[in-house]
Each structure stands twice: as C-alpha cells, then as structure tokens.
Amino acid sequence: MTDSEIDPAVRAELTRLRDSIDNIDAAVVHMLAERFKCTQQVGRLKAEHDLPPADPAREAQQIARLRRLAESAKLDPAFAEKLLNFIVAEVIRHHERIAGDTRGGQPQR
Ligand SMILES: C=C(O[C@@H]1C=C(C(=O)O)C=C[C@H]1O)C(=O)O
C-alpha cells in the first residue's frame, strides 16, 4: 500500500501518535543528557578519591527498584533491567576513561 492509499482518518491517527512518540523520544534524550551530566561528576569525584568506577551493590539496588517501578507501570521488568544495564555499562566506560585521565587526584592535561 502506498502512502496516498492510506485512509485519511488512519493517516491522521498515525500522525497524532507519531507526534507523541517524537515528543517522548525528545524527553528521553534530554533526561539521558542530564543523567550523564550527573554521572560525569560522579566519575570525576571517584577518580579524585581513588574510588572504583563501578559499584555493583548500588547497581543491584537500582535494578531491584527499577524492576518494582516497571511492574507498577506495566512495563516489562526484564526490559527495564536491560535498559539500565546498557546505560550503566556506558557510564562505567566513561568512569574508567576519567580515572585513566586523572593521576594523583588531578586531571591530566
Ligand atoms: C554513577 C555511579 O557509577 C556507576 C554507574 C551507575 C549508574 O549509572 O547509575 C551506578 C553505579 C556505578 O556502577 C555511582 O556509583 O553512583
């Protein structure tokens, strides 16, 4: 079926839903950007105080909490856990890089 063959009412409903999806995607990007701003600061703090990049105990608490939130929001908890793990893995990569660039508590030029 080509675009011009789609029923105008169906086309309008699709456009309405896609507009909302675009707004939600924009919100997700902005929220992730804010989260990464915070985690970059955590990475610098850890590097300056010789703390390890990853904190598995904290991650376990976050996973348990997010799984509960997902269940109450009718989102698949396994998906919520996978998403968090994906984001945290990227954060840990950033923290390892920051630690590598920081010697004796001072950022290296
Ligand atoms: C941000 C931190 O560093 C890592 C990244 C986390 C995250 O992205 O939420 C959580 C735990 C740590 O493995 C932290 O320790 O709080």
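If you're wondering where the values come from, they're calculated on a predicted model, not measured in any experiment.

**Student:** What's the story with helix α2 (residues 56-72) in this structure? I'm lost.
**Tutor:** Because each turn of an α-helix spans 3.6 residues, side chains separated by three or four positions in sequence point in the same direction. Taking 1.5 Å as the rise per residue, α2 with 17 residues should run 24 Å; its terminal C-alpha atoms sit 24 Å apart, in good agreement. Within α2, the full set of buried residues consists of Glu59, Gln62, Ile63 and Ala70. Taken end-on, α2 shows its buried residues confined to a sector of 105°, consistent with a single buried face. In α2, the exposed positions angled more than 90 degrees off the buried face are occupied by Ala57, Gln61, Arg65, Arg68, Glu71 and Ser72. Buried-residue contacts for α2 involve α1 (8-48) and α3 (77-101).

**Student:** Help me understand a nonpolar patch on the surface, please; the structure alone is not making it clear to me.
**Tutor:** On the surface, a cluster of nonpolar side chains totalling about 300 Å² of accessible area is made up of Ile24, Val28 and Met31. One can find methionine 31 in helix α1. Judged by relative accessible area, methionine 31 falls into the exposed class, the value being 57%.

Conventions we followed
Residues numbered from 1 in each chain as written. Predicted model: local features only at pLDDT ≥ 70, side-chain atom pairs only at ≥ 80, totals over all residues. Heavy atoms only, no water. Helix = DSSP H or I, 4+ residues; strand = E, 2+ residues; numbered from the N terminus. Expected span 1.5 Å × (residues − 1). Buried < 20%, exposed > 50% of the residue type's maximum accessible area, 1.4 Å probe, protein only. Arc of directions from axis to C-beta. Contact = heavy atoms within 4.5 Å. Patch = residues over 30% accessible without salt bridge, like charges linked within 9 Å, V, L, I, M, F, W, Y side chains within 5 Å. Areas by Shrake-Rupley, 256 points an atom, 1.4 Å probe, with all protein chains shown as cover. Salt bridge = Lys/Arg side-chain N within 4 Å of Asp/Glu carboxyl O.

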